[in-house]
Every structure is written in C-alpha cells, then in structure tokens.
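# Results of the structural survey
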Amino acid sequence: MARGGLIIFDYLLDESEDMHSLLLTDSSTLLIGGLQNHILEIDLNTVQETQKYAVETPGVTIMRQTNRFFFCGHTSGKVSLRDLRTFKVEHEFDAFSGSLSDFDVHGNLLATCGFSSRLTGLACDRFLKVYDLRMMRAITPLQVHVDPAFLRFIPTYTSRLAIISQSGQCQFCEPTGLANPADIFHVNPVGPLLMTFDVSASKQALAFGDSEGCVHLWTDSPEPSFNPYSRETEFALPCLVDSLPPLDWSQDLLPLSLIPVPLTADTLLSDWPAANSAPAPRRAPPVDAEILRTMKKVGFIGYAPNPRTRLRNQIPYRLKESDSEFDSFSQVTESPIGREEEPHLHMVSKKYRKVTIKYSKLGLEDFDFKHYNKTLFAGLEPHIPNAYCNCMIQVLYFLEPVRCLIQNHLCQKEFCLACELGFLFHMLDLSRGDPCQGSNFLRAFRTIPEASALGLILADSDEASGKGNLARLIQRWNRFILTQLHQDLQELEVPQAYRGAGGSSFCSSGDSVIGQLFSCEMENCSLCRCGSETVRASSTLLFTLSYPEDKTGKNCDFAQVLKRSICLEQNTQAWCDNCEKYQPTIQTRNIRHLPDILVINCEVNSLKEADFWRMQAEVAFKMAIKKHSGEISKNKEFALADWKELGSPEGMLMCPSIEELKNVWLPFSIQMKMTKNKGLDVCNWTDGDEMQWGPARAEEEHGVYVYDLMATVVHILDSRTGGSLVAHIKVGETYHQRKEVSEGVTHQQWYLFNDFLIEPIDKHEAVQFDMNWKVPAILYYIKRNLNSKYNLNIKNPIEANVLLAEASLARKQRKTHTTFIPLMLNEMPQVGDLVGLDAEFVTLNEEEAELRSDGTKSTIKPSQMSVARITCVRGQGPNEGIPFIDDYISTQEQVVDYLTQYSGIKPGDLDAKISSKHLTTLKSTYLKLRFLIDIGVKFVGHGLQKDFRVINLMVPKDQVLDTVYLFHMPRKRMISLRFLAWYFLDLKIQGETHDSIEDARTALQLYRKYLELSKNGTEPESFHKVLKGLYEKGRKMDWKVPEPEGQTSPKSKAWDGTGETGLGGL
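These figures come from a predicted structure and were not determined experimentally.

Helices and strands together make up the secondary structure of the protein chain, namely 22 helices and 44 strands. Looking at the protein chain alone, contacts between residues at least 24 apart form 61% of all its contacts between residues at least 6 apart. Working note: accessible area of the protein chain is about 57900 Å², and carbon and sulfur atoms make up 51% of it.

Bringing the sheet that holds strand β5 (residues 62-65) into the picture now. Spatially, 4 strands are ordered β5-β6-β7-β8 in an open sheet, and the strand pairing comes out antiparallel. One side of each edge strand has no neighbouring strand; the edge strands of this open sheet are β5 and β8 (89-94). Taking each pair of neighbouring strands and ignoring which way they run, the sheet shows an average axis angle of 20°.

Even without a glycine there, the phi angle at Asp755 is positive, about 55°. Structurally, Asp755 is set in the loop between β34 (749-754) and β35 (757-760). The class for Asp755 is buried, based on a relative accessible area of 15%. With a phi close to 60°, Trp1039 is a non-glycine residue in the positive phi region.

Taken as a whole, this structure holds 32 salt bridges when the rule is applied. When the shortest N-O distance is used, the salt bridge between Glu806 and Lys928 registers 2.6 Å. With Glu806 in the loop between β36 (774-783) and β37 (834-845) and Lys928 in helix α16 (residues 922-935), this pair connects stretches of sequence that are 122 residues apart. Taking relative accessible area as the criterion, Glu806 reaches 30% and is therefore assigned partly exposed. Residue classification places Lys928 among the buried residues on the basis of a relative accessible area of 5%. We note a salt bridge from Glu827 to Arg874, for which the minimum N-O separation is 3.1 Å. Residue Glu827 is found in the loop between β36 and β37, and its partner Arg874 is found in strand β40 (residues 864-874); the two are separated by 47 residues along the sequence. A relative accessible area of 24% means that Glu827 is categorised as partly exposed. Where salt bridges share partners, they join Arg64, Asp102, Asp104, Arg152 and Asp198 into one cluster.

The subject of this paragraph is the packing of aromatic side chains. One pass over the full model with this rule turns up 41 aromatic pairs. Ring geometry for Phe979 versus Trp1039: centroids 5.3 Å apart, planes at 65°, classification edge-to-face. In this pair, Phe979 is assigned in helix α19 (residues 977-985) and Trp1039 in the loop between α21 (1020-1036) and α22 (1051-1054), connecting sequence segments 60 residues apart. Taking the relative accessible area as the measure of exposure, Phe979 reaches 0% and is therefore buried. Through pairs of rings, three or more aromatic residues link up here, namely Phe967, Phe979, Trp982, Tyr983, Phe984, Tyr1007, Tyr1010, Phe1023, Tyr1031 and Trp1039. One Lys or Arg, Lys783, reaches over the ring of Tyr705 and ends 3.9 Å from the middle of that ring.

A separate point is the sheet that holds strand β43 (residues 938-941). Within a beta sheet, neighbouring strands are joined by backbone hydrogen bonds and run either parallel or antiparallel to one another. Across the sheet, which stays open at both edges, the 6 strands sit in the order β42-β41-β40-β37-β43-β44 with mixed pairing between neighbours. Here the strands that pair on one side only, and so sit at the sheet edges, are β42 (919-920) and β44 (960-962). Against the sheet, α16 engages β37, β40, β41 (883-889), β42 and β43, with an angle of about 145° to β41. Across the sheet, helix α20 (residues 996-1013) lies against β37, β40, β41, β43 and β44, angled at about 140° from β37, the strand it touches most.

Further remarks concern the pairing of strand β7 (residues 78-83). Taking burial as the measure, the 6 residues of β7 include 5 buried ones, the bulk of the element. In this structure, strand β6 (residues 69-73) lies alongside β7, joined through 5 bridges in antiparallel fashion. Each residue of the ladder has a partner; that of Cys72, found in β7, is Ser80. Here β6 hands over to β7 after 4 residues, with Gly77 in that stretch at a positive phi of 100°. Bridge count for β7 against β8 is 5 bridges, and the pairing is antiparallel. From the neighbouring strand, Ser80 faces β8, where its bridge partner is Glu92. Here β7 folds back onto β8 in antiparallel fashion, the turn holding 5 residues, of which Phe87 has a positive phi close to 65°.

According to the stated counting rule, one finds 4 cavities of 30 Å³ or more in the structure shown. As a volume, the largest cavity reaches approximately 50 Å³. Every residue lining the largest cavity is listed: Leu803, Leu804, Ala805, Glu806, Phe820, Pro822, Phe884, Ile885, His918 and Lys928. Taken together, the residues of the lining of the largest cavity sort by class into 7 nonpolar, 1 polar and 2 charged.

Moving on to helix α5 (residues 439-446). Burial runs high along α5: 7 of the 8 residues are buried. On its buried face, α5 sits against α2 (390-397), α4 (417-430), α6 (449-453), α8 (470-490), α16 and α17 (944-951).

Let us now look at the nonpolar core. Ranked by internal contacts, the top residues of the largest apolar core, which has 104 residues, are Tyr388, Ile474, Trp477, Phe518, Tyr780 and Phe939. In this structure, Cys520, Val604, Leu717 and Phe756 belong to the second largest nonpolar core, which totals 56 residues.

In terms of burial, helix α3 (residues 400-408) is a largely internal element, 9 of the 9 residues being buried. Buried residues of α3: Glu400, Pro401, Val402, Arg403, Cys404, Leu405, Ile406, Gln407 and Asn408, and no others. Packed against the buried residues of α3 are α2, α4, α8, α9 (513-518), β29 (597-601) and α14 (733-740).

Structurally, Ser724 is set in strand β33 (residues 724-731). Sequence-distant contacts of Ser724, defined by excluding residues within four places in its chain, comprise Tyr352, Lys354, Leu470, Val714, His715 and Ile716.

Another aspect to go through is the environment of Cys170. When you line up the elements, Cys170 lands in strand β17 (residues 169-173). With relative accessibility at 0%, the residue Cys170 sits in the buried group. Ignoring sequence-local partners within four residues, the contact set of Cys170 consists of Ile163, Ile164, Asp183, Ile184 and Phe185.

For the pair α3 and α4, the least separation of the axes is 8 Å and the interaxial angle reads 115°. In this structure, α3 crosses over α4, and the sense of that crossing is left-handed. Of the residues in α4, those touching α3 at Arg403, Ile406 and Gln407 are Ala418, Leu421, Gly422, Phe425, His426 and Asp429. The class makeup of the residues in the contact of α3 with α4 is 4 nonpolar, 3 polar and 2 charged.

Here the focus is the environment of Glu533. Summarising the element assignment, Glu533 is placed in strand β25 (residues 533-540). For the pair Glu533 and Asn578, spaced 45 residues apart in sequence, the C-alpha separation works out to 9.5 Å. Those residues within four positions of Glu533 in sequence are excluded, and the remaining contacts are Cys525, Ser526 and Leu527.

Attention now moves to the confidence of the model for the protein chain. Overall, the predicted model of the protein chain reaches an average pLDDT of 81, with 83% of residues at or above 70. Per-residue pLDDT, averaged within each element of the protein chain, yields its smallest value for α22 (46) and its largest for β43 (95). Low pLDDT, under 50, characterises residues 492-510; the stretch is placed with 35 contacts to residues that sit more than four places away or in other chains. A low-confidence stretch, residues 691-698 (pLDDT under 50), is modelled with 8 contacts involving residues beyond four sequence positions or located in other chains.

Once that is clear, we can look at the pairing of strand β21 (residues 215-219). As judged from the 5 bridges shared by strand β20 (residues 205-210) and β21, these two strands associate in the antiparallel manner. Across the sheet, residue Ala205 finds its bridge partner in β21, namely Thr219. What sits between β20 and β21 in their antiparallel hairpin is a turn of 4 residues, with Gly213 showing a positive phi close to 85°.

Attention shifts here to a nonpolar patch on the surface. A surface patch of nonpolar side chains, amounting to about 450 Å² of accessible area, comprises Val298, Phe300, Ile301 and Tyr303. If you trace the backbone, Tyr303 turns up in strand β23 (residues 301-303).

Here we take up the environment of Cys113. Secondary-structure assignment places Cys113 in strand β10 (residues 109-118). Given a relative accessible area of 0%, Cys113 falls into the buried group. As a C-alpha pair, Cys113 and Pro148 span 35 residues in sequence and 6.2 Å in three-dimensional space. Not counting residues within four places of it along the chain, the set of residues in contact with Cys113 comprises Phe96, Leu100, Ser101, Asp102, Leu128, Pro148, Ala149, Phe150 and Leu151.

Thresholds, definitions, all that
Residues numbered from 1 in each chain as written. Predicted model: local features only at pLDDT ≥ 70, side-chain atom pairs only at ≥ 80, totals over all residues. Heavy atoms only, no water. Helix = DSSP H or I, 4+ residues; strand = E, 2+ residues; numbered from the N terminus. Contact = heavy atoms within 4.5 Å. Areas by Shrake-Rupley, 256 points an atom, 1.4 Å probe, with all protein chains shown as cover. Pairing = 2+ DSSP bridges. Axes fitted to C-alpha atoms, helices over the stretch in contact; angles between N-to-C directions. Buried < 20%, exposed > 50% of the residue type's maximum accessible area, 1.4 Å probe, protein only. Salt bridge = Lys/Arg side-chain N within 4 Å of Asp/Glu carboxyl O. Phe/Tyr/Trp six-rings, centres within 6.5 Å; stacked < 30°, edge-to-face > 60°. Lys NZ or Arg CZ within 6 Å of the ring centre and 35° of its normal. 1 Å grid on protein atoms, 1.4 Å probe; cavity = no way out; pocket = protein on both sides within 12 Å on 5 of 7 lines; lining within 4 Å. Points joined across faces, edges and corners; volume = space filled by probe spheres on them. Nonpolar A, V, L, I, M, F, W, Y, C, P; charged D, E, K, R; others polar. Core = buried A, V, L, I, M, F, W, Y, C linked by side-chain atoms within 4.5 Å. Left-handed = near helix turned anticlockwise from the far one by under 90°. pLDDT = per-residue confidence, 0-100. Patch = residues over 30% accessible without salt bridge, like charges linked within 9 Å, V, L, I, M, F, W, Y side chains within 5 Å.

So this is what it looks like as structure tokens:
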C-alpha cells in the first residue's frame, strides 16, 4: 500500500494459512511468517517469491532484524537467532515454558516477555527474560509490576524499555536495573483491551491500538518527528459521488471542479503544453524617463521631483518585457534534473565542466586521476569544504617569487595561512602528477574571523548547489588572501622554536615582500568646490576594473579601461576641513610606484559588464580581420566566410586563425609608463612592437615597464552544476625544469587547471571569453624578467629542535600519564632510519551517500576525517619500540563521531580543559613529521596511505614501508594488522579498541619478520609460498582471529629454517 492509502498490488499466498508477522529486510525484500513450517521471501519490485526457508513447527509469530541476525519468536516460547544469508539457526534461547508474547532487540540486549505453564494453564509471567548477545547467555531477569504483553526498547539517552499490558498499563524501566512502581502510567483505551503497540523510528512517539479499532498516540512534544525524514501523510480523498449537492448551471461562478471526472486516456482541454504554462516572474518596471531627465546626483544618491503621472504606490507591470531588460546574468537557474537539457549546455567544453570524484568501495584507490591529468603537475581535490579557491591556490603557487617566499616562512601562530600555504606548496613540489588536497590550509582558513565576516566561508549546501556567486566570491577571496599574507609576513619576530625562518633572502627591514610584489603606492587627491585640496598617500594590493558608462559600440582598448581604473576619478561626498561639513568633492588617484605583479579583479557581475566585454571583443575581432587581411578598404563590408583560409598554410602563415581571433579583447602584454607629472600611460603591447624607450635595461631610467599576462581565473556558467571556477596559467621554465628533470628545458606553456584536471592549452584560449558561459574574474600580469630581481633559493625553515620536548596544552596532564620519551640530541634520526608510525582519526562530517534504483550505494561525498592522535616509535637502537612522539591533536571543530572502537579516542581526550593526554596543535606535530620526511627516514606502518592523506602529507614512495602491501598478493584482499600479528607474531592486538603505540610497534615487528622470511628481499619465491599459506589460512578462518585461549597461531609450524611453508595441513 502506498503512503496515500492506494493499494499497489495484492499477493495471494497459496500454501499459507495463518500469517502473523512481516519483516521488511531492505527497501525491496519482505519476509512473511506464520503458523506453518516455512517463511517466504518476496521481492517487492517483481512481486514474486524468491526464497522459501524451512522452519520448525509450529512456525514463527514475531520477527526482528539486526546487522548480525534474524530473530524469530515461536509460540513454543523460544527465540531463535538465524544467519542473515542462509537463514540457518545459529543460536536458540528457551525463554518461557508456555508461550512467547513479545520481544525486542537493541544493541547487545534481547528482552522477552511471555507466559509460563501452571497447573491451571498458562499464566502471564511478570519476569522479563533478558539475554546478553555478546556472551549468548541469560542475565538477571527483570521483575515488572504489570502483566507484560508488549515491550519495546526506547533508546534515547539510555536503553529504556516500555512494557505494556493488555489492560492499558504502561511501565518504563532499565533492562539491567530495577522496575519502580512510580514509573507506571495508564492508557485509557476505547475498547476493553490493547491489541498492539509500537514506537516511532525517532523514539518521540508511542502508538497503542485497542480492540475497538482506535489508535492512541503519545508524544513527548507538541510537534514530534516520527522518522528522520518525516513529512505529512497523504491520505486518499474520500469518494464524493454519493454526496454531491445539486448544481445550478445558471450560476456564472459555479466551480466546475466539483464535478468528478472519470479516468480517460484522451487529452483533456485543460492539459496545456509546458511551454504555455511556464511560470514567468514579474519584472521590475523601468524608471520613468522624466525622472531620469530631471534627476540630480549628490554622491551616489539621486534626487528628482515626482512627475505625478501615477497614483501613489501604484505601479503597473508590463509582463511582456524583453528578457534583455532583466538583469539575470549573475543568477544561476535551478537544477533541471528530470527536464530537457538546457540549450546552452553544449557550449561548455567538456574540460571546463565541473569535475567530480567517483567513489567506490575502495574510496579513491581505484579512481583514475591520470585520465584527467597527464602532466607532472599536481591538481587539487575539490570535495573539501570551501575548495572553490583551488584555482587561486594554483595561481599563487606558479608565481615563483611567491612560492619561494611562502616556503621560507615559518612562525609560531597555530593558524597561520602563510605557513599552511607553504606546507601545501611543498606538497605540490613533491608530487609527480598525483593530486593533493588543501585540507589543513582550508582548516586554518575557516578559523580566520575576517574570512567569516567577508562571507568567504560557504556552507556545504550552498557550495554543492552553487547558490553563491562564485565570481564575486573568488574576487573577495583574492583580496583577502593577499591582505592576509601581507599581514602574516609583516611580523618580523621569529620565535626561538622556529629559528631559521627569518633568514630568508626575501626579508626586508620595512614592508613585507608581498607588499613589494603586489603593492602599488598612490596619491589620493580630494578637491572640494571651495578650492581646498587634500592629498594623502596610500597603497593597494590589487585594482578593480571600472567600465565606461557609454554603451556605444566604439573601440575601447583594454589598456584604456585599465588606465581609467588605476587613475580613477570620481565625484563623491567627503568631509572638507575648510568648509567644516560634507561637500561634493572630486577625488583623483595618481600612481607613485607600480607593482611587480599587477592583480586585477574584473567585476563582471551583471549583463551590463558582460555586454561591454562582448561588444569590445566583436569590435576587436573586426579590426583584427581588417589588419591581417590588408586587402579591404575601411568602408567595405566583409563576411567571415571570406576568411576561412585565414592563417592556413595556403593563406597567410603569420596570421592567427579565425577561431583564435574570436572573443578576444584581453592583450597578452601591456606597456605602462610613469610620466614626469605623476601621470600614467598604458597601452597594449605585442611582441612585434618596438618599445619606444629602447631595450629593457633602460626601463628603470625611463619608467617604462612591460607586463605579461600570467594567469586568468574564469567563472564557468553551468546551470546543472551551479558553475565552477577554473584557471589558465602560464607555467614558467623553472617549474618544467623541476618536474621534467631533464636539463635544458626552456619552454613556457599555458595550462588549464580545473581542480584535478590539468591540460595544456593554446595561449589564445586563455584570453578567449565567450560571455555565454566563460566569464573572466581575475587577471594576473607580471613584470617582464621578474624572477631575475629576486633570490629564489628556498631554505627549509624546519629544524631538528621541533622534535625536542614540548609542553602539553592539556591542563591536567601529569608526568605519570606520559606515554612517550622524546628524542635526545644523540638520537636524532638519520637518512634511512626506520620509524614506526600510526595515526588515529575522528569524524567531523558524516558520509553523504544515496541508494541507486538497483539497491547499490553511491557515495556522493566521503566522510571528513581529522587526525586525533599521531604516534612515532623508534625503529632501531637500544630504545627500539619506545615511542618518541605520541601527540593527541587538539581540534576546535565539532566532532560528530570519535570512532572510539577503532581509534581509542574518547570524548574529552582532545579538550585542553579536561584532557589528561599530551595535547598539541596539529601544526606542531605536522612540523615534526615534515622534519622526519625531509631528513629521509623510512616510515613503517599499516595502511599509511590513508594516514598520510588525512594528515595532509606528501611522502616519497621510497620512504614508505607499508605492511599492507608487503604481505599482499596481487588481485587478493588486503589483510588486517590484527590477523597478520596473530599469524606471524603470535600476538593478539586490538582487543576492545585500537592503540596507536601497539599498532606502530606491531608494524615494525612485522617488517622485521618480512625481512627474515624474504631474506632481505633476495628470495621472493619462498616468500610467495609463505603468502600463499597465509591466504589459505585466512580463508579457512574467515579472516577472524580465534578467541579461545587454547588455539595458538600457526607461526611455529608455518615455516622451517629453509623458508619452506608447511601450511597445507592447517
């Protein structure tokens, strides 16, 4: 039956007589049982019987399910536990001698109620039989004060039981405690007896059904939620045919919808096509032309007399206005899932579309990133919250002075964006095409109050649906990150714990190097109408384009718009000291000093700016055609079809093709000159032009500079995905030299960076903007020969003293609780030393998944993990096996699951106020691991790939010794550390919870055993036989470590001195 009460299908059971119980095992499978010797399994999708399980007489009356067993209750008083796959009996409890009334299961407890046999017959037993499912035995019975007929667990804060009698008495008690008579309540049924009872999935409502057919609903709040995704029940409408009143046809306002219409296959007259019934929002009407004509502007506010052409507060709407008058450029239409494809989607090239990671059971291990990135540069993963800034991180990384500066920086602030960006740049340096993730950088970014105040922190729902205007967002982020880095690098005090960071060649006595690179010094002049002039000096890290007001189609070079935006002149209200009041003033801006890197926010946020770009691109296209043709007079019309061969081998070899000229307004280079009267000249510049002031060495003398386009960040408009941000970046020679290793690499190349998709592109593609789907957001121009002005050496600022003893953040930590011994100066690790490593994690955000129509699960977004504990164990020397790092990582973010069973982390362990552990910041422990990686140690552990991924570290493969892969055969399953420890070392670890010290030590011992069995890797064939025996034993034992004490591991007889395995008889 459907939610609305309609019957979906009927199913007739031929062999069944008395059915008592139904159990929905999943969304499409139903078990039916009753007083017969079988249970039927029915597929609800095909409405067919799929299985028939035999049970003992007299049958099954109650069924329940957990993730371990099917629980079947019998009228004989027994409860049987059956296997989920085979339905075979695994365990059986003889609960009552008479009959079973009801039972329920929660966690590790099974509670039953029923009847006992007496001389006079059956009597209701006031003792509830409770069983522990871990030990499979009965525990102390629970005596209640009512005659129990029904019972249910209500697990809210505790595992409470609700016991109901047929007379309406209701008692609540703990299953392992004592029942209190004060906890008895009474339900007043309409009928004499209660016949059924149940609890809602949310545990907020109780429902009682009595013998008169009435349902009584009890809740703990006025508006309860009945299930996690509760919505109102849709009831079927009653039939109104027999109760229709007579209708008077002479009435004009008679609602004809009162007449019931029979179902018909013909098209109804009211069945309008979708095109005629599409909703159309009312547009705001244009302002009256008379108001615009008489308006006087004071600053940014306009005043005009009322023309009295309309009544007050009444404005007529014209519904048939053209769409061009409606400014919807910055709006993203709702997702058209289930509708026809949007007509403009085919315009978006595939490589520009938003890329997503397809998750499988193995997570990311079987996702082919190489399909999206065939270069040696590293992409960035997009699934992390606020990863919209990935493209800007790449832009900053490929600015060589910025990359070197940031990697030389190190300070003591816990959440320093410059430090975290330096760590991320180091990972991008080490990667050989594998994607990285900026989780630690974005974690620090979320803690900056200014970022939240500027609206840069997006909620997950807004980021997934694309509700935010990404173009405006990334431009605000661009201004924020430059300002933040400028502030972070202005702090010249270098803490003793991080000495060496201040020794960078970038350090100066005054402004930060970010200021030297990006800052433009200006004079702001404010001229009042009284003649008083005020001049003050200021600086800015970037400029915002200001577009001309006129809408004519005349040619307007980008250089002219840029000059207008830099030397901005505007009329505004300002305070005049001479007049002693606010007055209209003319404010102008003059440039004192040009930056080395020119950053421009395009501010294309509406149709007005988009039309300006489109119009200028069309004018530039026509001029380029005329320039390269040389055969058409200025007044002659021409068609594009006449120039198909432009740029072809048969045509003019030096000319660009017709496609390369389309949608181009942005120049690759601009020339800027400082004049003697503090003015600025800006013009477009091409490689074929000659500089007016001679060679480049004379530029300082004459104040002439050439800026080359280095990066463009664009907003991709795609209504299905909410849009995305990508970057075109011109990667310099030094980056290719480091990645390609081969000497003599001197080329530069433009690349498209779309999260983890990286693809080389033609340089014209970086400046082509089809405003229908590809909108410019940010431009980066750099001075020619910029790198030669800076010392680009990187000195690793992390020194060995980060491994020495440090104070804990926890207030209650005592020396007696210390679980590690810090390294002494004579124990400092060397290249090739072994270090056992293990990490434990907690969950910050749960996994988001959906069920497909075939029943399989699809992961939309993986769970977000955070490292909670990191342990490093000495791998050699007299103190081998003793940890020298055992840090619990303090976190300020909300933890949704401590995963105590798998991590050993308990609530309070990460809280500095109540923790007794050695608590540190993530940055402090990260520096220790970075030092160990940089010094060249080899990490030994089990499943290190995930550990390093969550910690956000990039470790060279030759420095990782992972026992998961050492004891693994191709195309076979991975083996757990617990099973390997039992099999090879005769150790039983991870009993109740995991302990990172124990796991790290065990991994070290397993590596020693691997070296012993493989003769240091010289006898792979003999070790292959050992692995074969390991997998045979694992299959026999279902990969479970035996619990009884009497059974020992097969270590003693698994191999002999020759390395030959003897596992065949195990």
